[in-house]
Amino acid sequence: MTRLGSAPPTVAADVDDLVVAESWLVSDAHARGLDLHWRRFERGCAEAGLAPRVGRATVAAAVPDRGRWFPRVEVRADGEAAVAVRPAPPREPEVIAWAFAGGDPRRVPRRKGPDLGRLGALRAQAARHGAGEALLCDGAGRLLEGAYTSLLWWEGDVLWAVPDDAPILDGVTRALLLGLAAASGVEVRHRRPTPAELEGREVWLTSALHGIRAVRPSTAAGCLRAGRAPRAPAWQARLEALAEPIAD
């Protein structure tokens, strides 16, 4: 991590003391939903009582013009802001998802930053079950979202999402997809599902880094037994078409 405005680092910083963070995929100087990312970042800073001096132009200048990057703007308790410019890994179109049966470990579920360390540990636990993502449940055993992803799924021609008033992060990719659905006349409904209710369904875990990852079925203990995901490639293409230049 380096201070904003200096040479970009190539590795991420320690996340244990982050108060606010925001990250997005940049591919050849283009990104999708960047306005939404910045609004979420500014909202998080305001909720934390911080006003860091961070400019979009400064962050854009730190990201190389070519290649895939995953920059993260970071703010700590003293209000100091920095940027980590990290190479983005290849996109993963599919993932196995493991549902964590314990209590929600997050302290601030609606703000990105304070819980990144806890969520990283949870994802590491999922990896021991052969999964690439961990899913969080509420006290009634209903699914909320992934450690670093939002949860969407299909039932017939209806696209379902966890309600906005649930303890979830307001995922930018989730918002973009729900917007595409509304513009296409696709019916969208909301509820908190149990893992059993998603058996055989087309299930998506969405994020800025990968866009849509279709959940692959798994017979491992605690993992979702999702169905095929025939819609995912076309919707991923629509999502990628939303990318715009990161600099004015």
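Just above, that's the structure.
Keep in mind it's a predicted model, so treat the numbers as computed, not measured.

Student: Help me get a handle on the overall build of the protein chain, residues and values and all.
Tutor: Each helix and strand counted, the protein chain has five helices and 17 strands in total. Principal axes of the C-alpha set define a box for the protein chain whose edges measure 50 × 35 × 30 Å. Partitioning the contacts of the protein chain with sequence separation of at least 6, the portion at a separation of at least 24 is 70%. Summed over its atoms, the accessible surface of the protein chain is roughly 11200 Å², and 52% of this surface lies on carbon and sulfur atoms. Mean positive and mean negative side-chain charge positions of the protein chain (33 and 31 charges, respectively) differ by 2 Å.

Student: Run through the sheet that holds strand β10 (residues 133-137), naming residues and quoting values.
Tutor: The mixed open sheet is built from three strands, whose spatial order is β9-β10-β11. Each having just a single partner strand, β9 (97-99) and β11 (143-146) make up the two edges of the open sheet. Between one strand axis and the next, the sheet turns through 30° on average, direction left out of account. One ladder, built from three bridges, connects β10 with β11; its direction is antiparallel. Bridged to L135 within β11 is G146. The strands touched by helix α3 (residues 116-127) within the sheet are β9 and β10, with β10 carrying the most contacts at an inclination of about 115°.

Student: Can you break down the sheet that holds strand β14 (residues 188-190) residue by residue, with the values?
Tutor: Backbone-to-backbone hydrogen bonds join strands into a sheet, with any given pair of strands oriented parallel or antiparallel. In space, the six strands of this open sheet follow the order β8-β16-β15-β12-β13-β14, with mixed pairing throughout. In this open sheet, the two strands that pair with only one neighbour each are β8 (94-95) and β14. Running at roughly 125° to strand β15 (residues 202-207), helix α4 (residues 172-183) makes contact with β12 (150-155), β13 (158-161), β14, β15 and β16 (211-215) of the sheet.

Student: Can you lay out the pattern of salt bridges for me, pointing to particular residues and giving the numbers?
Tutor: Inspection of every chain in the model, using the stated rule, returns 21 salt bridges. Residue R106 is joined to E145 by a salt bridge in which the shortest nitrogen-to-oxygen separation is 2.4 Å. With R106 in the loop between β9 and α3 and E145 in strand β11, this pair connects stretches of sequence that are 39 residues apart. The partner of R189 in a salt bridge is E187, with the nearest N and O atoms 2.6 Å apart. Here E187 falls in the partly exposed class, since its relative accessible area comes to 40%. Counted as one network, the salt bridges with shared partners bring together D17, R72, E74 and R76.

Student: So what about the layout of surface pockets? Which residues, and what values?
Tutor: For the largest pocket, the calculated volume is near 600 Å³. In terms of lining residues, the largest pocket is bounded by 33 residues, among which K112, L116, A147, Y148 and T149 are the most central. Those elements giving two or more residues to the lining of the largest pocket turn out to be α1 (34-47), α3, β11, α4 and β15. Within the lining of the largest pocket, the residues separate by chemical class into 11 nonpolar, 11 polar and 11 charged. When its volume is computed, the second largest pocket comes out at roughly 160 Å³. Lining the second largest pocket, in full, are A31, R32, G33, L34, D35, L36, R56, L176, L242, E244 and P245. No other element matches the three residues that α1 contributes to the lining of the second largest pocket.

Student: Which residues make up the packing of α4 against helix α5 (residues 232-240), and what are the values?
Tutor: Across the interface, α4 lies against α5 with an axial gap of 11 Å and an inter-helix angle of 105°. The angle between the axes of α4 and α5 places the two elements in the roughly perpendicular class. Across the interface between the two elements, T173, L176, L177, L180 and A181 of α4 pack against W235, R238 and L239 of α5. Partitioned by chemical class, the residues of the contact of α4 with α5 number six nonpolar, one polar and one charged.

Student: Outline the pairing of β15, supporting the account with residue identities and numerical values.
Tutor: The side chains of a regular strand alternate between the sheet's two faces. Along β15, six of the six residues are buried, which leaves the element largely enclosed by surrounding structure. Side chains E202, W204 and T206 project from β15 onto one buried face, and the interleaved V203, L205 and S207 project onto a second face that is buried too. As judged from the five bridges shared by β12 and β15, these two strands associate in the antiparallel manner. Note on β15: the bridge partner recorded for S150 is T206.

Rules used throughout
- Residues numbered from 1 in each chain as written.
- Predicted model: local features only at pLDDT ≥ 70, side-chain atom pairs only at ≥ 80, totals over all residues.
- Heavy atoms only, no water.
- Helix = DSSP H or I, 4+ residues; strand = E, 2+ residues; numbered from the N terminus.
- Contact = heavy atoms within 4.5 Å.
- Areas by Shrake-Rupley, 256 points an atom, 1.4 Å probe, with all protein chains shown as cover.
- Lys, Arg positive; Asp, Glu negative; His and termini not counted.
- Charge placed at Lys NZ, Arg CZ, Asp CG, Glu CD.
- Pairing = 2+ DSSP bridges.
- Axes fitted to C-alpha atoms, helices over the stretch in contact; angles between N-to-C directions.
- Salt bridge = Lys/Arg side-chain N within 4 Å of Asp/Glu carboxyl O.
- Buried < 20%, exposed > 50% of the residue type's maximum accessible area, 1.4 Å probe, protein only.
- 1 Å grid on protein atoms, 1.4 Å probe; cavity = no way out; pocket = protein on both sides within 12 Å on 5 of 7 lines; lining within 4 Å.
- Points joined across faces, edges and corners; volume = space filled by probe spheres on them.
- Nonpolar A, V, L, I, M, F, W, Y, C, P; charged D, E, K, R; others polar.
- Parallel < 35°, antiparallel > 145°, perpendicular 65-115°, else oblique.

Purely geometric stuff here, so don't read any function into it on its own.
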